[in-house]
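So the chains spell out like this:
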Amino acid sequence: TPSVEMVYPRDHQIWQPLLPPVAITPQLEDLHRPEHFAGVTQVVARLIDLCQPQRLLLGEKDYQQLRVIIEMVKQESTRWPDLVVEGHPTIRDPDGLAMSSRNQLLTTSERTRALGLVSALQAASAADTAIEAESRMTQILLEHGLDIDYAVVRDATTLQPITSQQQPSRAL
């Protein structure tokens, strides 16, 4: 892993990519953490510049972040002409919670509450409509005592509200 000084040299202006629309218009994570994606794109762009990979493999656990990186790389196709970004399904522990370093820090009771996220997503996938999916997600999240920033079904590419039940979508 590169040192902090290599990623952010003191005597070097770090380039900031232009944020793609999926980072600033869906009113999801961008609404609740407005500066988050500026930092994400800057550090990922810097790592891409340093490493010059041909493939960038990212998990779908933070789906908006994945879409932001995919769109950033598309926008910067002259900077990274051969870079392919691939999203991969979230790897889960046996109980269904996403494998992550943060989730390992949860207490038993916090983990039980967090499993409400898994239950909510499963309920959404079983719903017949986006409205039903959003309603079921909200109900399950509340039953598990979780604070809700959003529980929505969105277009899988743009993360905008869906306009047709036939278009690919994601529960978020």
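Our subject is the structure listed above.
Given the structure is predicted, the values throughout are model-derived calculations rather than measurements.

How each quantity is defined
- Residues numbered from 1 in each chain as written.
- Predicted model: local features only at pLDDT ≥ 70, side-chain atom pairs only at ≥ 80, totals over all residues.
- Heavy atoms only, no water.
- Axes fitted to C-alpha atoms, helices over the stretch in contact; angles between N-to-C directions.
- Helix = DSSP H or I, 4+ residues; strand = E, 2+ residues; numbered from the N terminus.
- Parallel < 35°, antiparallel > 145°, perpendicular 65-115°, else oblique.
- Left-handed = near helix turned anticlockwise from the far one by under 90°.
- Contact = heavy atoms within 4.5 Å.
- Nonpolar A, V, L, I, M, F, W, Y, C, P; charged D, E, K, R; others polar.
- Phe/Tyr/Trp six-rings, centres within 6.5 Å; stacked < 30°, edge-to-face > 60°.
- Buried < 20%, exposed > 50% of the residue type's maximum accessible area, 1.4 Å probe, protein only.
- Salt bridge = Lys/Arg side-chain N within 4 Å of Asp/Glu carboxyl O.
- Patch = residues over 30% accessible without salt bridge, like charges linked within 9 Å, V, L, I, M, F, W, Y side chains within 5 Å.
- Areas by Shrake-Rupley, 256 points an atom, 1.4 Å probe, with all protein chains shown as cover.
- Lys, Arg positive; Asp, Glu negative; His and termini not counted.
- Polar contact = N/O pair within 3.5 Å; in protein donor to acceptor, adjacent residues only side chain to side chain.
- Core = buried A, V, L, I, M, F, W, Y, C linked by side-chain atoms within 4.5 Å.

Novice: Is there a simple way to explain the packing of helix α4 (residues 36–51) against helix α5 (residues 63–75) in this structure?
Specialist: In a packed pair of helices, the relevant descriptors are the angle between the two axes and the axis-to-axis distance. Put simply, α4 and α5 touch, their axes get as near as 11 Å, and they point 55° apart. For the element pair α4 / α5, the angle class is oblique. Pair α4 / α5 crosses with right-handed handedness. Residue-level inspection shows His-36, Phe-37, Val-40, Thr-41, Val-44, Ala-45 and Ile-48 of α4 in contact with α5, the latter providing Gln-64, Gln-65, Val-68, Ile-69, Met-72 and Val-73. Taken together, the residues of the contact of α4 with α5 break down into nine nonpolar, four polar and no charged.

Novice: Would you mind going over the packing of aromatic side chains with me for this structure?
Specialist: The description of two aromatic rings rests on the distance between their centres and on the angle between their planes. For the coordinates displayed, the defined rule picks out one aromatic pair. Aromatic pair Trp-15 and Trp-80: ring centres 5.9 Å apart, planes at 70°, arrangement edge-to-face. With a gap of 65 residues between them, Trp-15 in the loop between α1 (4–7) and α2 (21–24) and Trp-80 in the loop between α5 and β2 (84–88) connect regions that are remote in the sequence. Classification of Trp-15 by relative accessible area gives partly exposed; the value is 29%.

Novice: Got a minute to help me understand the environment of Thr-138 in this structure?
Specialist: Its place among the elements puts Thr-138 in helix α7 (residues 130–143). Between the C-alpha atom of Thr-138 and that of Gln-65, which follows or precedes it by 73 residues, the distance is 22 Å. Setting aside chain neighbours within four positions, we find Thr-138 in contact with Ile-148 and Ala-151.

Novice: How should I be thinking about the pattern of salt bridges in this particular structure?
Specialist: For side chains of opposite charge, pairing can occur when their charged atoms come near one another. A complete count under the given rule lists nine salt bridges for this structure. Close ionic contact of Asp-93 with Arg-111 constitutes a salt bridge, the shortest N to O distance being 2.7 Å. Taken together, the residues Asp-93 in the loop between β2 and α6 (108–126) and Arg-111 in helix α6 connect sequence positions 18 residues apart. Among the salt bridges present, the one from Glu-132 reaches Arg-136, with a minimum N-O distance of 2.5 Å. With Glu-132 and Arg-136 both in helix α7 and four residues apart, this pair spans about one turn of that helix. Each member of the salt-bridge network shares a partner with another, and the members are Arg-67, Glu-71 and Lys-74.

Novice: Any chance you could explain a nonpolar patch on the surface here in plain terms?
Specialist: The grouping of Met-6, Leu-47 and Leu-50 at the surface amounts to a nonpolar patch, some 240 Å² of accessible area in total. Relative to the helices and strands, Leu-50 is located in helix α4. Classification of Leu-50 by relative accessible area gives partly exposed; the value is 34%.

Novice: How should the side chain of Asp-155 be read in this particular structure?
Specialist: Checked against the element boundaries, Asp-155 lands in strand β3 (residues 153–155). Of the side chains with opposite charge, Arg-67 lies nearest to the buried Asp-155, which makes no salt bridge, at 7.0 Å. Engagement of the side chain of Asp-155 in a polar contact is seen with the side chain of Gln-167, the distance being 2.6 Å. Setting aside residues no more than four positions away along its own chain, Asp-155 makes contact with Gln-160, Ile-162, Gln-167, Pro-168 and Ser-169.

Novice: Just to check I follow, could you spell out the environment of Thr-78 for this structure?
Specialist: Turning to its location among the elements, Thr-78 is positioned in the loop between α5 and β2. Under the relative-accessibility criterion, Thr-78 is labelled exposed at 75%. Along the backbone, Thr-78 and His-88 are 10 residues apart, and their C-alpha atoms lie at a distance of 25 Å.

Novice: Even after reading the chapter, I still don't get the nonpolar core, so can you show me in this structure?
Specialist: Generally speaking, nonpolar side chains in soluble globular proteins are found buried as a group. Ile-48, Ile-69, Met-72 and Val-73 are the most contacted members of the largest nonpolar core, which totals 23 residues. Secondary-structure elements contributing two or more residues to this core are α2, α4 and α5. For this core, the element with the most residues is α5, which contributes seven residues. Contacts of Ile-69, omitting those with residues within four sequence positions, involve Val-40, Val-44, Leu-56, Leu-58 and Val-85. Ranked by size, the runner-up nonpolar core spans 13 residues in total, among them Ala-120, Ala-123, Ile-140 and Leu-146.

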